[in-house]
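Residue-level structure breakdown
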Amino acid sequence: MLERIKIAILAKSFKGKNNGKRGYCVAGITEDGDWIRLVDDTYGDSLPNRVEFEVGQIIQAQVEPAPFAYQSENAILYDYSVIEGDWNDYIARLRQPNEPYVFVNNAGYLNELQMRKINGTLRLASVNALEIYKNEGRSGCKASFMHKGKTYEDVSMTTPGFYTRDTMHVGRADIVVSLPAEKGSYTYYYKFIAAIFPV
């Protein structure tokens, strides 16, 4: 069923489309305080790169819920318009689970059993000692940080504007962390930092 809702955009990160073209993984918060991931189809494919709204904006969107695998937040985006509104007010409404970890453990990934225990695949976490560094031997970057007294290392990133050839010391930040719907060819479900908001 199609719905028309207001969404504050928290993350718009790089993700290839199933047809090989460049796309975006987009996550936000609805006016009811719920996470939503905007997708292109019922298989959770990323949005095309012609989508013009940005992180920090609020959109009025026509969507259809389309949960896929573990990604219960998915909704197909049909059309949208950018509207006025207080982005921070949406963040304040966010319903966040009170968890000791950013998704079950402090590793950079979850196994199948751990995935079955989670509720939703998007989290906003306040972290300290955030560092970003080149992923040796591969393209892209990794990150390490502290959260609730625990150290997280080698967490993958898809965050525009934070790729670096050298180590970048960010320090305190709020980060959006996302999990994939499926393992694909990998053994685990890897955590991805989809947005970084330095404090």
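Everything below is about the structure shown above.
Attention here is on the structure that accompanies the text. For every chain, the first residue of its written sequence is number 1, and the numbers climb from 1 along that sequence. Only residues with pLDDT of at least 70 are given local features in this predicted model, and only at 80 or more are side-chain atom pairs given and counted; all residues enter the totals for whole chains, interfaces and linings. To obtain the side-chain values, all non-hydrogen atoms of the structure were included, while hydrogens and water were left out.

Bringing the sheet that holds strand β8 (residues 122-134) into the picture now. Any two strands with at least two DSSP bridges between them are considered paired. Runs of E in the DSSP output that reach at least two residues are strands. Runs of H or I that reach at least four are helices, and both are numbered from the N terminus. Taking strand neighbours around the barrel as the criterion, the five strands line up as β8-β9-β10-β13-β11 in a closed arrangement whose pairing is mixed. The average angle at which neighbouring strand axes cross in this sheet is 50°, direction not considered. Here strand β11 (residues 168-178) runs beside strand β13 (residues 192-198); their pairing, made up of six bridges, is antiparallel. Paired with Asp-174 across the two strands is Phe-197, which belongs to β13. An axis is simply a line fitted to the C-alpha atoms; with a helix, the fit covers only the stretch in contact. Between two such axes, the angle follows the N-to-C directions and lies from 0 to 180 degrees.

Once that is clear, we can look at the packing of aromatic side chains. Between the rings of Phe, Tyr and Trp (Trp by its six-membered ring), a pair exists once the centres lie within 6.5 Å; its type follows the angle of the planes, with under 30 degrees stacked, over 60 edge-to-face, and the other angles tilted. This structure, assessed with the given rule, holds eight aromatic pairs. Aromatic pair Phe-53 and Tyr-80: ring centres 4.8 Å apart, planes at 85°, arrangement edge-to-face. Taken together, the residues span a long stretch of sequence, with Phe-53 in the loop between β4 (47-48) and β5 (58-65) and Tyr-80 in strand β6 (residues 74-83) at a distance of 27 residues. Each residue's exposure class comes from its accessible area (1.4 Å probe, protein chains only) as a fraction of the maximum for that residue type: buried when under 20%, exposed when over 50%, partly exposed otherwise. On the accessibility criterion, Phe-53 (0% relative accessible area) is buried. Through a chain of ring-to-ring contacts, the aromatic side chains of Tyr-109, Tyr-188 and Tyr-190 assemble into a single cluster. In our convention, an over-ring charge means Lys NZ or Arg CZ found within 6 Å of a ring centre and within 35 degrees of that ring's normal. The residue whose ring lies beneath Lys-12 is Tyr-24, and the NZ or CZ to ring-centre distance is 4.6 Å. Taking NZ or CZ as reference, Lys-150 lies 4.7 Å from the ring centre of Tyr-101, over its face.

Bringing the nonpolar core into the picture now. Residues grouped as a nonpolar core are buried Ala, Val, Leu, Ile, Met, Phe, Trp, Tyr and Cys residues, joined through side-chain atoms within 4.5 Å. Ranked by size, the top nonpolar core spans 24 residues in total, and within it Leu-130, Ile-132, Phe-145, Met-157, Ile-175, Ile-193 and Ile-196 carry the most contacts. Among the secondary structure elements, those contributing two or more residues to this core are β8, β9 (141-147), β10 (150-157), β11 and β13. With sequence-adjacent residues up to four places away left out, Met-157 is seen in contact with Ile-132, Cys-141, Lys-142, Ala-143, Phe-162, Tyr-163, Phe-192, Ile-193 and Ile-196. Residues are treated as being in contact if the distance between any of their heavy atoms lies within 4.5 Å.

Our focus in this paragraph is the side chain of Gln-71. Following the sequence through the fold, Gln-71 ends up in the loop between β5 and β6. Under the rule applied, a polar contact is a pair of N or O atoms within 3.5 Å (in protein, one hydrogen donor and one hydrogen acceptor; residues adjacent in sequence only if both atoms are side-chain atoms). A distance of 2.9 Å separates a polar atom in the side chain of Gln-71 from the backbone oxygen of Leu-179. The contact partners of Gln-71, leaving out residues within four places of it in the chain, are Arg-37, Thr-121, Leu-179, Pro-180 and Ala-181.

None of this, on its own, says anything about what the molecule does.
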